[in-house]
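As a plain string of letters, each chain reads:
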Amino acid sequence: MMHIRRAEPQDSEALSDLLNEIIAIGGTTAKVTPVSAQDIVNQMKPSTSVWHLAEDSDGVVLGFQYFDLHPSHPKDAANIATFVRVGRTGMGIGSGLFHATTEAARSRGFNYIDATIRTDNTGGLAYYKSRGFEYLRDLPNIVLDDGTIVDKVWTRYNLDRIRIFNMHIRHA
């Protein structure tokens, strides 16, 4: 059984452990150096970000997702990041997290959720496409912290799409 809840600073060690395993494998995140629990806490700014985690019945973190503001993105667009425990993808974790994230982004007044994904991250590209994210533009030659150069794609999810869909159902 999986449970989705807001992530809190006291979850930071579990979140950093999960993320560091993904970073160590490489190829799916722009993060290339390990993060500490304090790094996670420093990113969890209630005024600008919302974090959710998925956990099993034993409290083991299966994945997490957050959105925050990105300095180069429009102010009505939240910037999303998703991380699922190695070996646990394709089990509905990302879907559960995304539902919580869209509700939180709507309640904060955002119109869009943006995702920038490495083009070599085929799993990430498939995940965001399956959620309904649409292509905005290519972001070529992005230099990561370790000097690696990757291409990314900027995608966007329109939060109004669900509002319009729900209005249509109510009036049908």
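Residues numbered from 1 in each chain as written. Predicted model: local features only at pLDDT ≥ 70, side-chain atom pairs only at ≥ 80, totals over all residues. Heavy atoms only, no water.

## Overview of the overall build of the chain
Then comes step 1: Each helix and strand in the chain was counted, giving five helices and seven strands.
Then comes step 2: Counting from the amino terminus, the chain carries its helices and strands in the arrangement β-α-α-β-β-β-α-β-α-β-β-α.
Then comes step 3: Since a compact globule built from 172 residues should have a radius of gyration of about 16 Å, the 16 Å found for the chain is in line with a globular shape.
Then comes step 4: Taken across its 172 residues, the chain has 40% of its residues classed as buried.
Then comes step 5: Averaging the positions of the 18 positive and the 20 negative side-chain charges in the chain gives two centres separated by 7 Å. (Helix = DSSP H or I, 4+ residues; strand = E, 2+ residues; numbered from the N terminus. Rg over C-alpha atoms; globule rule 2.2 N^0.38 Å. Buried < 20%, exposed > 50% of the residue type's maximum accessible area, 1.4 Å probe, protein only. Lys, Arg positive; Asp, Glu negative; His and termini not counted. Charge placed at Lys NZ, Arg CZ, Asp CG, Glu CD.)

## Concerning the nonpolar core
Then comes step 1: Counting residues in hydrophobic clusters, the biggest one holds 17 residues, and the most contacted among them are Phe67, Ile80, Phe98, Ile113, Tyr128 and Phe133.
Then comes step 2: Secondary structure elements with two or more residues in this core: strand S4 (77–84), helix H3 (93–107), strand S5 (112–118), helix H4 (122–131) and strand S7 (149–158).
Then comes step 3: Setting aside chain neighbours within four positions, we find Tyr128 in contact with Ile80, Ala81, Thr82, Ala115, Ile117 and Phe133.
Then comes step 4: Leu19, Met44, Leu53 and Phe83 belong to the second largest nonpolar core, which has 16 residues in total. (Core = buried A, V, L, I, M, F, W, Y, C linked by side-chain atoms within 4.5 Å. Contact = heavy atoms within 4.5 Å.)

## So, the sheet that holds S7
Then comes step 1: Spatial ordering of the open sheet is given by S1-S2-S3-S4-S5-S7-S6, a layout of seven strands whose pairing is mixed. Across the chains shown, the open sheet's two edge strands, defined by having one partner strand only, are strand S1 (2–6) and strand S6 (134–143). Between one strand axis and the next, the sheet turns by 25 degrees as a mean value, whatever way the strands run.
Then comes step 2: Seen against the sheet, H3 touches S1, strand S2 (50–56), strand S3 (61–68), S4, S5 and S7 and runs at an angle of roughly 30 degrees to S3.
Then comes step 3: Its contacts with the sheet place H4 against S3, S4, S5 and S7, and it is angled at close to 160 degrees to S5. (Pairing = 2+ DSSP bridges. Axes fitted to C-alpha atoms, helices over the stretch in contact; angles between N-to-C directions.)

## Regarding unusual backbone geometry
Trans peptide bonds make up most of the peptide bonds, and negative phi angles are found at most residues other than glycine.
Then comes step 1: Of note, Asn141 is a non-glycine position whose phi angle comes to about 55 degrees, a positive value.
Then comes step 2: Within the secondary structure, Asn141 is located in strand S6.

## A look at the packing of aromatic side chains
Then comes step 1: What the rule picks out here adds up to nine aromatic pairs.
Then comes step 2: Aromatic side chains Phe98 and Tyr157 sit 5.1 Å apart centroid to centroid with 85 degrees between the ring planes, which places their arrangement in the edge-to-face category. Taken as a pair, Phe98 in helix H3 and Tyr157 in strand S7 lie far apart in primary sequence, 59 residues in all. Both residues of the pair, Phe98 and Tyr157, belong to the buried class.
Then comes step 3: When the ring of Tyr128 is compared with that of Phe133, the centres are 5.0 Å apart and the planes differ by 75 degrees; the resulting orientation is edge-to-face.
Then comes step 4: Residue Tyr128 is classed as buried on the basis of its relative accessible area of 7%.
Then comes step 5: Pairwise contacts between aromatic rings join Phe98, Tyr127, Tyr128, Phe133 and Tyr157 into one cluster.
Then comes step 6: Looking at Arg156, its charged tip hangs above the ring of Tyr112, at a distance of 4.5 Å from the centre. (Phe/Tyr/Trp six-rings, centres within 6.5 Å; stacked < 30°, edge-to-face > 60°. Lys NZ or Arg CZ within 6 Å of the ring centre and 35° of its normal.)

## Some points on the confidence of the model for the chain
Low pLDDT means the predicted coordinates in that region are not meant to be read closely.
Then comes step 1: Put simply, the chain has an average pLDDT of 89, and 93% of its residues get 70 or more.
Then comes step 2: Contacts for the low-pLDDT stretch residues 163–169, under 50 throughout, to residues beyond four places or in other chains number three contacts. (pLDDT = per-residue confidence, 0-100.)

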